Amino acid sequence: MDSAPRFFYASITVNEHLILDLLKDHGDCVLHDTESPLAKKFRRDWDGRCKYGDILALFRKNNIEYLVGIEVKDWKAQVTPKMCYQYLKTYRKGCQYFYIAARHFSPRSFDISEIGFIDLDNMQVIKKPEYLHPRKKDREGVIRKMNKAPQPRRYFVMHPDQTTMRDFVAAESPSPAEQPASR
């Protein structure tokens, strides 16, 4: 049985806190969002691979804030250099650091110095990224959109009196003493 955590549910990034906890070298996470817009007002000239970041996080270290983008590929296939470059093209416009979190990486992907890698099977950073030097205007646009997102997003605390479907079905089924006698 596979006990590794999953990071997608119904095409939405989940369990992002497990990944963010690995990035303490960037400082304290002060703001994060999932499926968050990377493109400032979806400009017409946007030519990146995607318009939404799986995880975007603003970290603060020594009173400086760093925007970190993370693309999550929770699948069995290897992440290839071509895919890395396509996502880097998008994330580098607004993020200061960029990671790809996956279970398998092509050995040639490690030749791309600008991207950091997170191993989802072992839950560790296996390669640190370089600083990307985004345009100030694009970085600020991403942070502005993140700041408008409700926080926290996907954490659900179950109420102590919450009833599960199993409890409901059990309550509706008659006990053996209540069942009619068979003829």
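It should be emphasised that the depicted structure is a prediction, and the values quoted were computed from it without experimental measurement.

1. Digging into the sheet that holds strand 5 (residues 64-73)
So, point 1. Ordered in space as 3-4-5-6-7-8, the six strands form an open sheet in which the pairing is mixed. Only two strands of the sheet have a single neighbouring strand rather than two, namely strand 3 (28-37) and strand 8 (124-127). Strand-to-strand twist of the sheet, defined as the mean angle between neighbouring strand axes without regard to direction, takes the value 30 degrees.
So, point 2. Note that strand 6 (residues 97-102) and strand 7 (residues 115-119) share five bridges and pair parallel. Paired with Y99 across the strands is G116, a residue of strand 7.
So, point 3. In the packing of helix 2 (residues 81-91) onto the sheet, contacts are made with strand 4 (52-61), strand 5, strand 6 and strand 7, and the angle to strand 5 comes to roughly 145 degrees.
So, point 4. Strands strand 3, strand 4 and strand 5 of the sheet are contacted by helix 3 (residues 136-148), whose axis makes an angle of about 90 degrees with strand 3.

2. Side note on the packing of aromatic side chains
So, point 1. In this structure the tally under the stated criterion is six aromatic pairs.
So, point 2. With a centroid separation of 6.0 Å and 70 degrees between ring planes, the pair formed by F105 and F110 is classed as edge-to-face.
So, point 3. Relative accessible area serves as the criterion here: at 11%, F105 is assigned to the buried category.
So, point 4. Since its relative accessible area comes to 33%, F110 is described here as partly exposed.
So, point 5. What links up through ring pairs into an aromatic cluster is the set Y66, Y97 and Y131.

3. What to know about the environment of C29
So, point 1. Residue placement: C29 occurs in strand 3.
So, point 2. Look at C29 and you get partly exposed, because its relative accessible area is 34%.
So, point 3. C29 sits 39 residues away from V68 along the chain, and the two C-alpha atoms are 9.8 Å apart.
So, point 4. Residues within four places of C29 in sequence aside, it is in contact with L20, A57, L58 and F59.

Cut-offs used in this document
Residues numbered from 1 in each chain as written. Predicted model: local features only at pLDDT ≥ 70, side-chain atom pairs only at ≥ 80, totals over all residues. Heavy atoms only, no water. Pairing = 2+ DSSP bridges. Helix = DSSP H or I, 4+ residues; strand = E, 2+ residues; numbered from the N terminus. Axes fitted to C-alpha atoms, helices over the stretch in contact; angles between N-to-C directions. Contact = heavy atoms within 4.5 Å. Phe/Tyr/Trp six-rings, centres within 6.5 Å; stacked < 30°, edge-to-face > 60°. Buried < 20%, exposed > 50% of the residue type's maximum accessible area, 1.4 Å probe, protein only.

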